[in-house]
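# Structure at a glance
Listed below are the residues making up each chain.
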Amino acid sequence: MTGYASTGWSYIAVSDAGGTLRDLSPWVESVGPLGQALTGRDVAGVNDTSARTVAGVAAAQEFTLSGRWDDTPEIGPDAVLSAIVGCSVAIEYGPVGSAIGQRRVSGMFVCLSYRISSRAGEPVRFEVTFRQDGPVELGVW
């Protein structure tokens with residue numbers, strides 16, 4: 001098995017209501033699974049002795065972002081995310097950063113929910129859920 005250690009920090013940018021990509025990396029602590037996913041089509045025939053599947057269309061995947069809430073005007077997660085619920089926005093994700101040659105996942109996603117939570121004595125947190133709205137591209141920076 002080959003592999004390499006992750007070098008760098010994840011990068012995540014979400015378009016604000018005006019269409020400007022905003023880097024939310026300083027506040028995001030968790031990115032739910034994001035990549036490419038396809039539906040499967042069962043093509044087994046009556047005389048087949050095992051299941052047969054072919055790749056179907058892209059699945060409408062959902063993923064979440066969560067982290068520390070901040071209401072910094074224009075650039076903080078509250079300013080960006082609270083204004084895009086119900087909107088389709090561009091998202092760029094770099095699992096190990098945004099350096100040239102690193103993996104980039106990008107596409108359009110509808111913001112389904114934006115929620116804020118807190119507990120006494122603990123930092124305020126946010127969670128936002130997105131659903132795929134078109135093809136997702138696995139590329140490089």
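Details of the structure are given in the entry above.
Below: a short report on this structure. Every value quoted in this text rests on a predicted model; they were computed, and no experiment measured them. (Residues numbered from 1 in each chain as written. Predicted model: local features only at pLDDT ≥ 70, side-chain atom pairs only at ≥ 80, totals over all residues. Heavy atoms only, no water.)

## A short note on the overall build of the protein chain
- Along its length, the protein chain carries one helix and nine strands.
- Considering only C-alpha atoms, the protein chain reaches an extent of 65 × 35 × 35 Å along its principal axes.
- Counting over 141 residues, the protein chain shows a buried share of 33%.
- Within the protein chain, contacts between residues separated by at least 24 positions form 63% of all contacts whose residues are at least 6 apart in sequence.
- Carbon and sulfur atoms provide 52% of the accessible area of the protein chain, an area that totals close to 8,500 Å².
- Taking the average location of the 10 positive side-chain charges in the protein chain and that of its 15 negative ones, the two points are 6 Å from each other. (Helix = DSSP H or I, 4+ residues; strand = E, 2+ residues; numbered from the N terminus. Buried < 20%, exposed > 50% of the residue type's maximum accessible area, 1.4 Å probe, protein only. Contact = heavy atoms within 4.5 Å. Areas by Shrake-Rupley, 256 points an atom, 1.4 Å probe, with all protein chains shown as cover. Lys, Arg positive; Asp, Glu negative; His and termini not counted. Charge placed at Lys NZ, Arg CZ, Asp CG, Glu CD.)

## A short note on the pairing of strand E4 (residues 38-42)
- Sparse coverage of E4 is indicated by the burial of zero of its five residues.
- Here E4 runs beside strand E5 (residues 53-58); their pairing, made up of four bridges, is antiparallel. Considered in E5, the bridge of Leu38 is made with Ala58. (Pairing = 2+ DSSP bridges.)

## Let's talk about the pattern of salt bridges
- Counted according to the given criterion, the structure contains six salt bridges.
- Its salt-bridge partner being Glu29, residue Arg68 comes within 3.2 Å of it at the nearest N-O pair. In this pair, Arg68 is assigned in strand E6 (residues 62-68) and Glu29 in strand E3 (residues 28-31), connecting sequence segments 39 residues apart.
- Classification of Glu29 by relative accessible area gives partly exposed; the value is 47%.
- In this structure, the salt-bridge partner of Glu62 is Arg131, at a minimum N-O distance of 3.0 Å. Linking Glu62 in strand E6 with Arg131 in strand E9 (residues 125-140), this pair joins segments that are 69 residues apart in sequence.
- For Glu62, a relative accessible area of 41% gives the class partly exposed.
- Among the charged side chains, a network of salt bridges with common partners joins Glu29, Arg68 and Arg125. (Salt bridge = Lys/Arg side-chain N within 4 Å of Asp/Glu carboxyl O.)

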